[in-house]
Each structure stands twice: as C-alpha cells, then as structure tokens.
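Understanding the architecture of this molecule
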Amino acid sequence: MDTLQNTKNKLAAANKDILGFINAFVDDKSFVETDAFMCSEQGGAAIGEGVVSGFAQIDGANVCLFATDSKVLKGAVGELNAKKITRAINSAVRADKPLIAVWDTSGARFAEGIGALDGYGSILRAYTVAYGEIPVISVIKGNNLGLSSYVAGISDFVIAYESSVIASASPLVLSAKTGKSAVGSAKAAAAEGTVTNIVKSDKELCELLVKILRVYNGGAENGDNPNRVCKGLKAGVSADAVIKEVFDKNSFLPVRADYAKVAVTGFATIGDISIGVVATDSTVNGGTLTADACVKISEFLNMCENAECPVVFLTDSVGTEKGENDSVLVREMSNLIYQVNTLDVDMFSVVYGKAIGGAYTALVSPCEYKIAWECGEVGALESEAAARLLYADEIKSAKDKDKTAKKLADSYGGENNSALVIAQKGYFDNVIEPNLTRSYLLAALIAHVE
C-alpha cells in the first residue's frame, strides 16, 4: 500500500502539465485542489482520473474550475472522473462563483460502457443547473470530442485555442460525411457561432478571462473621460467606428465576432459601467437581419441577462433579409422578438442610421430610452421603396425615372421617416448630433442603472 507521500508524488508527476496550464491563468499560488485522490480501479493508468479540480482566483475574483488532462487515457470521460467533474460544477453553484471548465478529451471511455454514458449525463445535467445561475466559461484546450462537445450550448462563453477541435464524433468521420476538411476546427466553429472567442496562447486566455470576469463583477476603472466628445461620427459609419468612439477606450470585448457579421455583439464599459452592446451594421450585407444574426443577438441577450448587464442597441438596419429561407428567418426573428421583450435588464437604443421594419420593432421599440442621430431614418419601408410604391404612376411617366424617384423619396422621407419627425410623434426621447452620443447615453445609463 502506498504511503501518503508516495501517492502525492505520483499525483504531482501525473498532473504536472495540467497544473502548469492552470497556474498560467490563475493568480499566483491561489489554486487549491479538490478531490485530488479520487481514482478508479485502473490505478496507475488513470491516477487522479485525468481531471484536476479546485478553486482559485483570477484577477482577485474567486472561481471554481476543473480541467481534463489529455495525457491520461487521452482525457477520456468515464464514470468516476465524470463524478469529479460534476462535483466541481456543483461546488461552483453552491459557492455562487464562476465556473472555468477546461476540456481536452477524445470522448468516452468506451470500455466502461453505460457507466461512461451515465457519467456524461451527470455532467450535462450539472451544466444545465449551473447555466443561468453562475457564469459558465468553457475553455477548449485541445480536443473536445463526443458528448462533451454539447457543453457549448449551455455555456456563456466558449473559448477555443486556435489548434483545438470540437466535434460530436471523430472529425475524420464527420469530414467524410460532409466533404469539408475543416470540420471541427476552432475557426469553423467560430464561423458557425459555436465558439465565442479564439485565443492563440495561455497569455491571451488569461487576459480574456480577466475581461470576462470583470463583466460579471461590474467592470473596472478605465480612466477614459466620461465627458469626452466623440469624433468623426456621421451617417454611413460602421458599427465598429461607433463602438470605438462611444464606449470607454479599449473596453470592447467582442463575442462571436466571426459569426453573422451584420450583427456585432460584445461587452464594453461606458463611464466604467459594464454594458452589453448589440449593433447592426449597414456596411455588412446591406444591414439586413439574417436568421443567423437573429440567433447571434438572441444568444447574446441571454448572456447579458445571466450577467445582469444592461444592453445598448446601436441600430443601422434596413430590416430583415428576403430570401429562400424565409420560414427559418420567421422562426429566428420570432425568437429574437420574444427574447428582447422578456429581457429582465435595462435596454437603451441609439438609431445611428436606419431602423426599418422589423429592425425598429425588434431592436428599438422595446427599449426604455431611445435616441436617434439627426440623420436617422425610421419607418415601415425605406423612403425610396415607399416612394416607388406610393408614386409608381408618377415615376413611370417621368422622363428621368431615377431622378424623379429620388426627389419623391427625399420628400417622403423628410415628411415621414426622418428622426426629427418620428421624435415629434413621441417615439424618441431625443434627436442628437452624432458626436454627442457618448454624453447622452452615459447620462441615461447613470439615471437608470445607478
């Protein structure tokens, strides 16, 4: 029978690499291990069960965590290490602390049969209980194959290393079936919205975790001048340009940046107040809301509610996409409208371009405080589309049809769709010059949030 010291030495040797990885992103000497001696009958082959769990601090914030170790039976999940993982998740819920879950596994320990499957079930149940109760951050360090890949749908953040692979089965099997060589890659998963953020190094992971945890802890002092006037904002600018000028400098943390790029989602601070940002961008896809964009916004709003974080909508959109997959768009737009109208956090709207049709109904109308740039256009249809519909005969008989259509569109827009006219009807709290956006938005947030 091994002595305590011999067992400790074996554990230290078996867990050396994974402990080194954990210590690269937690505060120095803050990690305290739990369930260290848990081990199945496989003994030396699976000492420590290929999972390290415990609690630590990141940037001074307390967290619970676990990490699977691919060097122990390729990180395969069995009944006992599933129990260890489940206990770590449940501990995070009981302590009301964020969960950091690090995955590097080739799948189930098939030799254990139903025991391994039941272990997966306990992990996914624990994830389901944790999601929405505490911040759940899943980190894909290497492979995340098999049933554990499904944790992506019940995590607030899914952070993947560039070289990592996420797949419900062997990537070779999936690529053979689909004909796509990049099946399961982090890049492919990010483009499909499964991964929220990609990192290249342990240092990047640490920096990203610090930013994420600050969202849940109310932000951090940025030092940016709260009274700063924005520069260079005007009609037609991109969402990125607005975000860069309006919010505290270098505070924006994008989420799912590579997915459905007509919608920009992420967290930022303004006057050191943490907020969620949802922006639609007319420089991408003409500003039309796609089904994927609706999914992206809906999932991000759920993250904001979990974080109890107010949301700012920046809208420049001509409405919803018209195409072959209309039934899919209808379903996802319906889900988005439901999500917005049941959201239990404060919502603020800035129309910095157009808010046409469903874009206004879904992203502007439900907000408590609404402002628009003086160049803003709001209506059921764009001014030109409305003019061509209403004055079809006049345009048809004109010598210069395009010139006549533009003249009628300008006239119609000025009388019906301009932000000032809409505000006079009581649909906006204010119409402002673009460069004053930060000041007005910050004043509204302070009045509502603090």
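Heads up: the structure comes first, above all this text.
All of these numbers come straight from a predicted model, not from anything done at the bench.

Helix and strand content of the protein chain: 16 helices and 18 strands. Expressed as a percentage of its 450 residues, the buried residues of the protein chain come to 52%. In the protein chain, of all internal contacts separated by at least 6 residues, the share reaching a separation of at least 24 is 68%.

In a structure, side chains of opposite charge can pair up when their charged atoms sit close to one another. Counted by the stated rule, this structure contains ten salt bridges. Note that lysine 71 and aspartate 17 form a salt bridge whose closest N and O atoms lie 2.3 Å from each other. You can see lysine 71 sitting in the loop between strand S3 (61–68) and helix H3 (79–95) and its partner aspartate 17 sitting in helix H2 (residues 16–25), a full 54 residues away along the chain. Judged by its relative accessible area of 63%, lysine 71 is exposed. The class of aspartate 17 is partly exposed, set by a relative accessible area of 41%. Arginine 438 is paired through a salt bridge with aspartate 224; the nearest N and O atoms lie 3.8 Å apart. Residue arginine 438 is found in helix H16 (residues 437–449), and its partner aspartate 224 is found in the loop between helix H7 (202–216) and helix H8 (239–246); the two are separated by 214 residues along the sequence.

The next subject is the side chain of arginine 438. When its relative accessible area of 0% is taken as the criterion, arginine 438 is described as buried. A polar contact is formed between the side chain of arginine 438 and the side chain of aspartate 248, at a distance of 3.0 Å. Arginine 438 has contacts with Asp224, Asn225, Pro226, Arg228, Cys230, Glu245, Val246, Phe247, Asp248, Ile270 and Gly271, leaving out every residue within four places of it along the chain.

The backbone phi angle of arginine 256 is positive, close to 55 degrees, even though this residue is not glycine. Taking relative accessible area as the criterion, arginine 256 reaches 6% and is therefore assigned buried. The phi angle at alanine 260 is positive, at roughly 45 degrees, despite the residue not being glycine. Of note, alanine 260 is situated in the loop between strand S9 (253–254) and strand S10 (263–270).

As a further point, take the packing of H3 against helix H4 (residues 114–130). Running from N to C, H3 and H4 point in directions that differ by 10 degrees, and their axes come no closer than 8 Å. Between H3 and H4, the interaxial angle falls into the category roughly parallel. Counted together, Glu79, Ala82, Ile85, Thr86, Ile89, Asn90 and Val93 of H3 and Gly115, Ala116, Gly119, Tyr120, Ser122, Ile123, Ala126, Tyr127 and Ala130 of H4 form the full contact between these two elements. Looking at the contact of H3 with H4 residue by residue, the class counts come to ten nonpolar, five polar and one charged.

Moving on to the environment of tyrosine 120. As for its placement among the helices and strands, tyrosine 120 is situated in helix H4. Here the alpha-carbon distance between tyrosine 120 and asparagine 81, two residues 39 residues apart in the chain, equals 9.9 Å. Other than its neighbours up to four places away in sequence, tyrosine 120 contacts Val77, Ala82, Gly107, Ala108, Leu145, Leu147 and Ser148.

With that out of the way, let us pick up the pairing of strand S16 (residues 369–373). Among the five residues in S16, five count as buried, and that is most of the element. Of the two faces of S16, the one carrying Tyr369, Ile371 and Trp373 and the one carrying Lys370 and Ala372 are both buried. Here strand S15 (residues 347–356) pairs with S16 via four bridges, running parallel. Paired with serine 349 across the strands is lysine 370, a residue of S16. Tracing the backbone out of S15, into helix H11 (residues 358–363) and back to the parallel element S16 gives a crossover that is right-handed. In the sheet, S16 pairs with strand S18 (residues 430–432) via three bridges, with the strands oriented parallel. What sits directly across from alanine 372, in S18, is valine 431.

Taken residue by residue, a regular strand's side chains alternate between the two faces of the sheet. Counting buried positions along S3 yields seven of eight residues, so the element is predominantly enclosed. Inspection of the sheet shows strand S2 (residues 51–58) paired to S3 by eight bridges, in the antiparallel sense. Across the sheet, alanine 56 pairs through a bridge with valine 63, a residue of S3. What sits between S2 and S3 in their antiparallel hairpin is a turn of two residues, with aspartate 59 showing a positive phi close to 55 degrees. For the segment spanning S3, H3 and strand S4 (residues 99–105), crossover handedness is right-handed.

Tracing the backbone shows aspartate 104 in strand S4. The buried category is assigned to aspartate 104, whose relative accessible area is 8%. Within the structure, aspartate 104 has its side chain in polar contact with the side chain of serine 70 (distance 3.1 Å). With near-sequence residues (within four places) excluded, aspartate 104 lies in contact with Thr68, Asp69, Ser70, Lys74, Gly75, Lys141, Gly142 and Asn143.

Per the counting criterion, the structure on display carries six aromatic pairs. For the pair phenylalanine 157 and phenylalanine 267, a centre-to-centre distance of 6.2 Å together with 40 degrees between the ring planes defines the contact as tilted. Taken together, the positions of phenylalanine 157 in strand S6 (residues 157–161) and phenylalanine 267 in strand S10 put the pair 110 residues apart, joining distant regions of the chain. This pair shows no difference in class: phenylalanine 157 is buried, exactly as phenylalanine 267 is. Centroid distance phenylalanine 267 to phenylalanine 300: 4.9 Å. Interplanar angle 55 degrees. Geometry classified as tilted. With phenylalanine 267 in strand S10 and phenylalanine 300 in helix H9 (residues 291–306), the pair connects residues that are 33 residues apart, well separated along the chain. Each member of the pair, phenylalanine 267 as well as phenylalanine 300, carries the same accessibility label: buried. One aromatic cluster in this structure is built from Phe21, Phe25 and Tyr161. Lying across the ring of phenylalanine 21, lysine 141 places its NZ or CZ 5.2 Å from the centre.

Reading the values: the criteria
- Residues numbered from 1 in each chain as written.
- Predicted model: local features only at pLDDT ≥ 70, side-chain atom pairs only at ≥ 80, totals over all residues.
- Heavy atoms only, no water.
- Helix = DSSP H or I, 4+ residues; strand = E, 2+ residues; numbered from the N terminus.
- Buried < 20%, exposed > 50% of the residue type's maximum accessible area, 1.4 Å probe, protein only.
- Contact = heavy atoms within 4.5 Å.
- Salt bridge = Lys/Arg side-chain N within 4 Å of Asp/Glu carboxyl O.
- Polar contact = N/O pair within 3.5 Å; in protein donor to acceptor, adjacent residues only side chain to side chain.
- Axes fitted to C-alpha atoms, helices over the stretch in contact; angles between N-to-C directions.
- Parallel < 35°, antiparallel > 145°, perpendicular 65-115°, else oblique.
- Nonpolar A, V, L, I, M, F, W, Y, C, P; charged D, E, K, R; others polar.
- Pairing = 2+ DSSP bridges.
- Right-handed = clockwise from strand over helix to strand, strands pointing away.
- Phe/Tyr/Trp six-rings, centres within 6.5 Å; stacked < 30°, edge-to-face > 60°.
- Lys NZ or Arg CZ within 6 Å of the ring centre and 35° of its normal.

No statement about biological role is implied by the geometric values presented.
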